[in-house]
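Okay, here's what each chain looks like letter by letter:
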Amino acid sequence: MTQRILHLGVGNFFRAHHAWYTQSCPGWRITGVSFRSPDIRDRLSAHGYNYALVIKDAAGTQINRITCMDRMLVVAENPGALLAEIADAAISVITLTVTEKGYHLGPDGTLDMSDRAIQDDLRGGALTPVGALARGLAMRRTPVTVLSCDNLPDNGRKLGQAVAAFADAASLTIPPDVAFPSCMVDRITPATTDDIRAEAQDPMAVPTEAFTEWVIEDEFAGPRPNWPGVQWVQDVAPHEMRKLRMLNGAHSYLAYAGTLRGHEFVHEAIADPVLRAGARGIMAEAATTLPTQVQKQAADYADALITRFENPNLNHRLRQIAMDGSQKLPIRILATMADRKGQASPALNAAVDAWLHFVQAEVSADRQLDDPMADALASACATDDPETALRVLIGAN
């Protein structure tokens, strides 16, 4: 019997991580969902939804064929089809990689009811991921697990609360047998290039590194795939914090400071002695805030991260990491600073300064910021005190 997973957000990371794990689970298939553009659906369907995963490390390249996805929906074409799929008893697990901004959360981590997309969804306009889940889950009659795979601390609880808040506002009732476990995901996945497509002889090829990690809370409401190598835990928070504060925090610092110093890729930035010391500093300061059970792993984890950043065969662009900084910095940097209140945090402060200077440099050069707060950031740069105005926008004042 085929078991089905419904996945919202069929980007490169999903195809390098979740789909790679599911490929090793006989009997499980994935239906993908794109909310707006049919482009990925059309290009994948032309190849039977199969694609090459190009895995690169210092030793070389291996190519895996991923064949576990066999359908895709495009919400803009048929919103009702997504709601019917969410409600379908044939779907045992619903997963998401819609990025931090796809949850429409406010600074307090709860659903921002004033968000324009959420308000439009409540009025019957374009579906958001949160709104689609609330509407579809309200129609279900069988247990289901909804698993956020995005870089948000406590992502399962936050998603569950957001869905409940939307349902309340829309006068919907979510059944009690819906589980929202949290998880931590990790696999560096750059954007695809023409060189990768040519190497794999596949227009839909996805590049990634050999390292991969997935830690999931063991709180499923029904059947779950036997994903190989997954760590099933009671509490994912310590692992999540380790990754967000050490890896993602250092990545964000390298993205902004590295771009300002003229570098294009992560492996170039980490070879810069100034940036290498800064990244090490981020990791060291972050390590002091970690729970005991993962703090003892911090030194070895930091060494492993440096090795991963040095990967000469994985061209991970700094500007790809720099996207959505207003959403990422509060989670990756500011939360660590808050936990170190009263202690000197020069590396973390340097990361904030790098973002401030990056934003101002982009606006000054008349380049469009790739950030959901782009207009507000540009307006802040036009004030008499742009650094203070920018700090206020991300809660760093």
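Keep in mind that what you see is a predicted model, and the values were worked out from it rather than measured. (Residues numbered from 1 in each chain as written. Predicted model: local features only at pLDDT ≥ 70, side-chain atom pairs only at ≥ 80, totals over all residues. Heavy atoms only, no water.)

### Side note on the sheet that holds strand E6 (residues 91-96)
Argument step 1. Read across the sheet, six strands follow the order E5-E2-E1-E6-E7-E8 without closing on themselves; strand pairing throughout is parallel. Each edge of the open sheet is held by one strand with a lone partner, namely strand E5 (69-74) and strand E8 (178-179).
Argument step 2. Bridge count for strand E1 (residues 3-8) against E6 is five bridges, and the pairing is parallel. Paired with leucine 8 across the strands is leucine 96, a residue of E6.
Argument step 3. On the sheet, helix H4 (residues 79-87) packs against E1, strand E2 (28-34), E5 and E6 and is oriented at approximately 130 degrees with respect to E5. (Pairing = 2+ DSSP bridges. Helix = DSSP H or I, 4+ residues; strand = E, 2+ residues; numbered from the N terminus. Contact = heavy atoms within 4.5 Å. Axes fitted to C-alpha atoms, helices over the stretch in contact; angles between N-to-C directions.)

### Some points on the packing of aromatic side chains
Argument step 1. According to the stated counting rule, one finds seven aromatic pairs in the structure shown.
Argument step 2. Measuring from centroid to centroid gives 5.4 Å for phenylalanine 220 and tryptophan 232, while their planes differ by 80 degrees, and the two rings are edge-to-face. Of this pair, phenylalanine 220 sits in the loop between strand E11 (213-217) and strand E12 (231-233) while tryptophan 232 sits in strand E12, placing them 12 residues apart in sequence.
Argument step 3. Relative accessible area serves as the criterion here: at 16%, phenylalanine 220 is assigned to the buried category.
Argument step 4. By relative accessible area, which is 24% here, tryptophan 232 ends up partly exposed.
Argument step 5. Summarising the aromatic geometry, the rings of tyrosine 256 and phenylalanine 358 are spaced 5.1 Å apart at their centres and angled 55 degrees between planes, so their arrangement reads as tilted. Taken together, the residues tyrosine 256 in helix H9 (residues 237-260) and phenylalanine 358 in helix H16 (residues 346-364) connect sequence positions 102 residues apart. Phenylalanine 358 matches tyrosine 256 in its accessibility class, with the two residues each being buried.
Argument step 6. Taken together, the ring pairs connect Trp20, Tyr21, Trp214, Phe220, Trp227 and Trp232 into an aromatic cluster.
Argument step 7. The ring of tyrosine 51 is capped by arginine 15, whose NZ or CZ atom sits 5.7 Å from the centre of that ring.
Argument step 8. Against the face of tryptophan 20 rests arginine 187, its NZ or CZ located 4.5 Å from the ring centre. (Phe/Tyr/Trp six-rings, centres within 6.5 Å; stacked < 30°, edge-to-face > 60°. Buried < 20%, exposed > 50% of the residue type's maximum accessible area, 1.4 Å probe, protein only. Lys NZ or Arg CZ within 6 Å of the ring centre and 35° of its normal.)

### A closer look at the layout of surface pockets
Argument step 1. Quantified by volume, the second largest pocket comes out at close to 1,000 Å³.
Argument step 2. For the lining of the second largest pocket, the secondary structure elements donating two or more residues are helix H5 (116-122), H9, helix H15 (325-339) and helix H18 (386-394).
Argument step 3. For the lining of the second largest pocket, the class distribution of residues is 15 nonpolar, seven polar and 10 charged. (1 Å grid on protein atoms, 1.4 Å probe; cavity = no way out; pocket = protein on both sides within 12 Å on 5 of 7 lines; lining within 4 Å. Points joined across faces, edges and corners; volume = space filled by probe spheres on them. Nonpolar A, V, L, I, M, F, W, Y, C, P; charged D, E, K, R; others polar.)

### Section: the side chain of asparagine 311
Argument step 1. You can see asparagine 311 is positioned in the loop between helix H13 (298-309) and helix H14 (318-322).
Argument step 2. Setting aside residues up to four positions removed in sequence, asparagine 311 forms contacts with Lys56, Asp57, Ala58, Glu209 and His267.

### Structural notes on the pairing of E2
Argument step 1. Among the seven residues of E2, six are classified as buried, and the element is accordingly described as predominantly covered.
Argument step 2. For E1 and E2, the ladder comprises six bridges, and the chain directions are parallel. When the sheet's bridge partners are listed, glutamine 3 is paired in E2 with tryptophan 28.
Argument step 3. Here five bridges tie E2 to E5, and the two strands are oriented parallel to one another. Opposite glycine 32, over in E5, you have methionine 72 as the bridge partner.

### Some details on the environment of alanine 52
Argument step 1. Tracing the chain through its elements places alanine 52 in strand E3 (residues 51-57).
Argument step 2. Each C-alpha atom of the pair alanine 52 and arginine 65 lies 4.8 Å from the other, and the pair is 13 residues apart in sequence.
Argument step 3. Residues contacting alanine 52, with those up to four places away along its chain left out, are Ile63, Asn64, Arg65, Ala200, Asp202, Met204, Ala205 and Val206.

### Some points on the environment of glycine 109
Argument step 1. Along the polypeptide, glycine 109 turns up in the loop between E6 and H5.
Argument step 2. With 260 residues separating them along the chain, glycine 109 and leucine 369 place their C-alpha atoms 23 Å apart.

### As for the sheet that holds strand E10 (residues 206-209)
Argument step 1. Here we have three strands laid out as an open sheet, ordered E4-E3-E10, and mixed in their pairing. If you trace the sheet from one side to the other, it starts and ends with strand E4 (60-66) and E10, each paired once. Neighbour-to-neighbour, the strand axes of the sheet open up by a mean angle of 30 degrees, direction not taken into account.
Argument step 2. Where E3 lies against E10, four bridges are found, and the strand directions are parallel. Along E10, the bridge assignment pairs lysine 56 with glutamate 209.

Function cannot be inferred from these measures alone, as they are strictly geometric.
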